[in-house]
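Here's the letter readout for the chains.
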Amino acid sequence: SFRPHLVLKLQWQHEVLVTNLQKTFTVNVPLLEENMARIKRAMRIEKFKVNVWLRSDKMVQKMNKRDRLVDKVTDVLSYSNLVRALPCSATQTGRMIGRIKKLLFAVLLQKIAPGTRPELTKDTEELGDLYFGMGYIYSYCEKQGKSVDSELERLAVHGMCHLLGYDHEIDSDY
């Protein structure tokens, strides 16, 4: 039985570090680590590290507002180390800064085409961080009759694609 408030993993497994900082929902961390390793093998990026953070909805919403200027909770946020994000706060000029950031990402990541991936070098030891909004995920799974483990796996694939530079402008491209 998993006790979420006691699960604070600080050990790399398969070049994946899962850290559970939320205290409400149980998560099968070993299964998530196995799934992440399988996803990384399938993407041929197994030697690169990925940090996975299991967070509260409140924290994910704060991050989403601060970094994407979207004041709502979401299922997964991806922070790629391939391109460092510009610092941004939700000020009066926040929307303009958000647009500039989006343009910079498009130029710097060169809109990765399907079937290709960015050049990964030994200097890119850590691909980045995935943040999962666990309350949002649990609520979605309950409404849809899905298992949390399979939804976390699907979201991990989605987040990994973002770490590699793939993006979608609208939800239907998701």
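Predicted model only: the values in this text are computed from it and were never measured.

1. Quick notes on the environment of arginine 68
Looking at the secondary structure, you find arginine 68 in helix α2 (residues 57-68). The partly exposed category is assigned to arginine 68, whose relative accessible area is 49%. Those residues in contact with arginine 68 that sit more than four places away from it in its chain are Met63 and Leu77. A polar atom in the side chain of arginine 68 sits 2.7 Å from the side chain of asparagine 64.

2. Description of the pattern of salt bridges
Under the defined criterion, the tally for this structure stands at 4 salt bridges. Close ionic contact of aspartate 71 with lysine 65 constitutes a salt bridge, the shortest N to O distance being 4.0 Å. Its relative accessible area of 37% is what places lysine 65 among the partly exposed residues. Across the pair glutamate 151 and arginine 154 runs a salt bridge whose closest N-O atoms are separated by 2.5 Å. With glutamate 151 and arginine 154 both in helix α5 (residues 148-163), this residue pair falls 3 residues apart, about one helical turn. Take arginine 154: its relative accessible area is 33%, and that puts it in the partly exposed class.

3. Here we look at the side chain of asparagine 64
Secondary-structure assignment places asparagine 64 in helix α2. The class of asparagine 64 is buried, set by a relative accessible area of 1%. With sequence-adjacent residues up to four places away left out, asparagine 64 is seen in contact with Leu69, Val70, Lys72, Thr74 and Leu77.

4. Quick notes on the nonpolar core
By size, the foremost hydrophobic cluster in this structure holds 27 residues, and its most contacted members are Met36, Val52, Leu54, Phe132 and Met160. Of all elements in the fold, only β1 (16-20), α1 (29-42), β2 (49-55), β4 (126-133), α4 (134-144) and α5 reach the threshold of two or more residues within this core. Among the elements that make up this core, the one with the highest residue count is α5 (6 residues). When residues no more than four places from it in sequence are discounted, the contact partners of valine 52 are Val16, Leu17, Val18, Thr19, Leu32, Met36, Leu130 and Phe132.

5. A word on the pairing of β1
Along a regular strand, successive side chains alternate from one face of the sheet to the other. Within β1, 5 of the 5 residues are buried, which leaves the element mostly enclosed by the surrounding structure. Because side chains alternate across β1, one face comprises the buried residues Val16, Val18 and Asn20, and the other comprises Leu17 and Thr19, equally buried. Looking at chain direction, β1 and β2 are connected through 5 bridges and run parallel. Across the sheet, the residue bridging to threonine 19 is tryptophan 53, located in β2. What joins β1 to β2 is α1, and the crossover it makes is left-handed.

6. Some remarks on the sheet that holds β2
Judged by pairing direction, the sheet is mixed, and its 4 strands sit side by side in the order β1-β2-β4-β3 without closing on themselves. Strands with a single pairing partner mark the edges of an open sheet, and in this sheet they are β1 and β3 (76-80). Direction aside, the axes of adjacent strands within the sheet are offset by 15° on average. Its contacts with the sheet put α4 on β2 and β4, and the angle it makes with β4 is roughly 60°. Across the sheet, α5 is in contact with β2, β3 and β4; its angle to β4 comes to roughly 140°.

Conventions used here
Residues numbered from 1 in each chain as written. Predicted model: local features only at pLDDT ≥ 70, side-chain atom pairs only at ≥ 80, totals over all residues. Heavy atoms only, no water. Helix = DSSP H or I, 4+ residues; strand = E, 2+ residues; numbered from the N terminus. Buried < 20%, exposed > 50% of the residue type's maximum accessible area, 1.4 Å probe, protein only. Contact = heavy atoms within 4.5 Å. Polar contact = N/O pair within 3.5 Å; in protein donor to acceptor, adjacent residues only side chain to side chain. Salt bridge = Lys/Arg side-chain N within 4 Å of Asp/Glu carboxyl O. Core = buried A, V, L, I, M, F, W, Y, C linked by side-chain atoms within 4.5 Å. Pairing = 2+ DSSP bridges. Right-handed = clockwise from strand over helix to strand, strands pointing away. Axes fitted to C-alpha atoms, helices over the stretch in contact; angles between N-to-C directions.

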